[in-house]
Amino acid sequence: MIIGIEIAITLVALYMLVMGRPMSKATAASWKFRLLGGLLLTMWPAVFLSVIILAFVWALRHPGLTREQFEDQIRWPAAGLEFGVVVVYAILGAVFEKLLKRQVAPARATPAQERMPLA
């Protein structure tokens, strides 16, 4: 499940980075979506770094463990940390995409402006 979310975020981020717009074709292209795509691609280094830091701290706090014991003890905390980081990136991506869609959307004319002649 976690890898599926990671792959989906990566594909959406690459699309935003290359095309400059979200997956919906109705939204205009903007450099802000490219920036969001680049930000979402930092998920992979964030996951790796957080799990490496967890493993380092775990090893310091539990000296004398064999490799097998260490792997058994850290498997689920590392998976939980990875899931947490991925979910945070998914939520941030969704929130920022909605915010950027509102910013990029063209200003709608009010009914009074639509009726005024261009004299």
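Described below are features of the structure shown in this document. Each chain has its residues counted from 1, following the order in which its sequence is written. Selection of residues for local features in this predicted model requires a pLDDT of at least 70, selection of side-chain atom pairs for listing and counting requires 80 or more, and totals for whole chains, interfaces and linings are taken over all residues. Side-chain calculation: all heavy atoms of the structure are included, whereas hydrogens and water are not.

Take the overall build of the protein chain next. Only runs of H or I of at least four residues qualify as helices and only runs of E of at least two qualify as strands under DSSP, and these elements are numbered from the N terminus. Within the protein chain, the regular secondary structure consists of 5 helices and 0 strands. The helix and strand sequence of the protein chain, counted from the amino end, reads α-α-α-α-α. The buried label applies to any residue whose accessible area, calculated with a 1.4 Å probe on protein chains only, is under 20% of its type's maximum; exposed applies above 50%, and partly exposed to all values in between. Taken over 119 residues, the protein chain has a buried fraction of 24%. Pairs of residues are marked as contacts when any of their non-hydrogen atoms sit within 4.5 Å. A separation of at least 24 residues holds for 61% of the contacts in the protein chain among residues at least 6 apart in sequence.

Salt bridge criterion: a side-chain nitrogen from Lys or Arg within 4 Å of a carboxyl oxygen from Asp or Glu. All told, the structure shown has 3 salt bridges when counted by the stated rule. Residue Asp72 pairs with Arg75 through a salt bridge whose shortest N-O separation is 3.8 Å. Of the two residues, Asp72 and Arg75 both sit in helix α4 (residues 67-104), 3 residues apart, roughly one turn of that helix. Lys101 serves as the salt-bridge partner of Glu97, at 3.8 Å between the closest nitrogen and oxygen.

All right, on to the nonpolar core then. Among buried residues, the Ala, Val, Leu, Ile, Met, Phe, Trp, Tyr and Cys ones that are joined through side-chain atoms within 4.5 Å form a nonpolar core. Residues Ile9, Leu36, Leu40, Met43, Val47, Val86 and Tyr89 are the most contacted members of the largest nonpolar core, which totals 14 residues. Mapped onto this core, the elements with two or more residues apiece are α1 (2-19), α2 (31-41), α3 (43-61) and α4. For this core, the element with the highest residue contribution is α4, accounting for 5 residues. Aside from chain neighbours lying at most four places away, what touches Leu36 is Met16, Gly93, Phe96, Glu97 and Leu100.

On the secondary structure map, Arg34 appears in helix α2. By relative accessible area, which is 37% here, Arg34 ends up partly exposed. Not counting residues within four places of it along the chain, the set of residues in contact with Arg34 comprises Met16, Leu17, Val18, Met19 and Gly20.

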